[in-house]
Amino acid sequence: MNIDQQLNASQARRMAAQDRYLKRREKREAAALEMIGQLSSGQLYIWPQGGHYREGCMADLIEFLIRNKYV
């Protein structure tokens, strides 16, 4: 096996790993979107099972749910 084949194989593994990560991330973000509600004032909120009530923007709430393993 020459160096070009090794580099190509290495890059293919990295790309496959990145693709798997992005698919997992999209799946978790979709699950987090289902947990976000909207108040009559237009403010977004979450109240996860066993968690605390929290308000914020969409990106912050999704990141909070993922980081704290609610999804």
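Residues numbered from 1 in each chain as written. Predicted model: local features only at pLDDT ≥ 70, side-chain atom pairs only at ≥ 80, totals over all residues. Heavy atoms only, no water.

Caption draft 1: Highlighting helix α1 (residues 3–34). Here α1 is 32 residues long and its end C-alpha atoms lie 47 Å apart, about the 46 Å a rise of 1.5 Å per residue gives. Looking at where α1 begins, the residue whose side-chain oxygen comes 3.2 Å from the main-chain nitrogen of D4 is N2. (Helix = DSSP H or I, 4+ residues; strand = E, 2+ residues; numbered from the N terminus. Expected span 1.5 Å × (residues − 1). Polar contact = N/O pair within 3.5 Å; in protein donor to acceptor, adjacent residues only side chain to side chain.)

Caption draft 2: Quick look at the packing of aromatic side chains. Considering all chains together, one arrives at three aromatic pairs under this definition. Each ring, one from Y45 and one from Y53, has its centre 5.8 Å from the other, and the planes form 25°; the classification is stacked. Residue classification places Y53 among the partly exposed residues on the basis of a relative accessible area of 38%. Relative to Y53, the ring of W47 lies with its centre 5.7 Å away and its plane at 75°, an arrangement referred to as edge-to-face. Through successive ring pairs, a cluster of aromatic residues spans Y45, W47 and Y53. (Phe/Tyr/Trp six-rings, centres within 6.5 Å; stacked < 30°, edge-to-face > 60°. Buried < 20%, exposed > 50% of the residue type's maximum accessible area, 1.4 Å probe, protein only.)

Caption draft 3: Inspection of unusual backbone geometry at higher detail. One non-glycine residue, K69, lies in the positive phi region at around 60°. Relative to the assigned elements, K69 resides in the segment after α2 (58–67).

Caption draft 4: View of the sheet that holds strand β1 (residues 37–38). Taken together, the three strands give an open sheet; going across it, the order is β1-β2-β3, and neighbouring strands pair in antiparallel fashion. The open sheet terminates on both sides in strands that have one partner only, identified here as β1 and β3 (54–56). With two bridges connecting them, β1 and strand β2 (residues 44–46) associate as antiparallel partners. Counted as the bridge partner of G37 is Y45 from β2. Packed on one face of the sheet, α2 meets β2 and β3 and runs near 10° to β2. (Pairing = 2+ DSSP bridges. Contact = heavy atoms within 4.5 Å. Axes fitted to C-alpha atoms, helices over the stretch in contact; angles between N-to-C directions.)

Caption draft 5: Examining the pattern of salt bridges more closely. Applying the stated criterion across every chain yields a total of three salt bridges. A salt bridge links K23 to D19; the shortest N-O distance between them is 3.5 Å. Taken together, the residues K23 and D19, both in helix α1 and four residues apart, mark about one turn of the helix. With a relative accessible area of 53%, K23 lands in the exposed category. Residues R25 and E29 are paired through a salt bridge, measuring 3.1 Å at the closest nitrogen-oxygen approach. Here R25 and its partner E29 are both found in helix α1, four residues apart, which amounts to about one turn of the helix. Note on R25: relative accessible area 21%, which makes it partly exposed. According to the relative accessible area criterion, E29 is partly exposed, its value standing at 30%. (Salt bridge = Lys/Arg side-chain N within 4 Å of Asp/Glu carboxyl O.)

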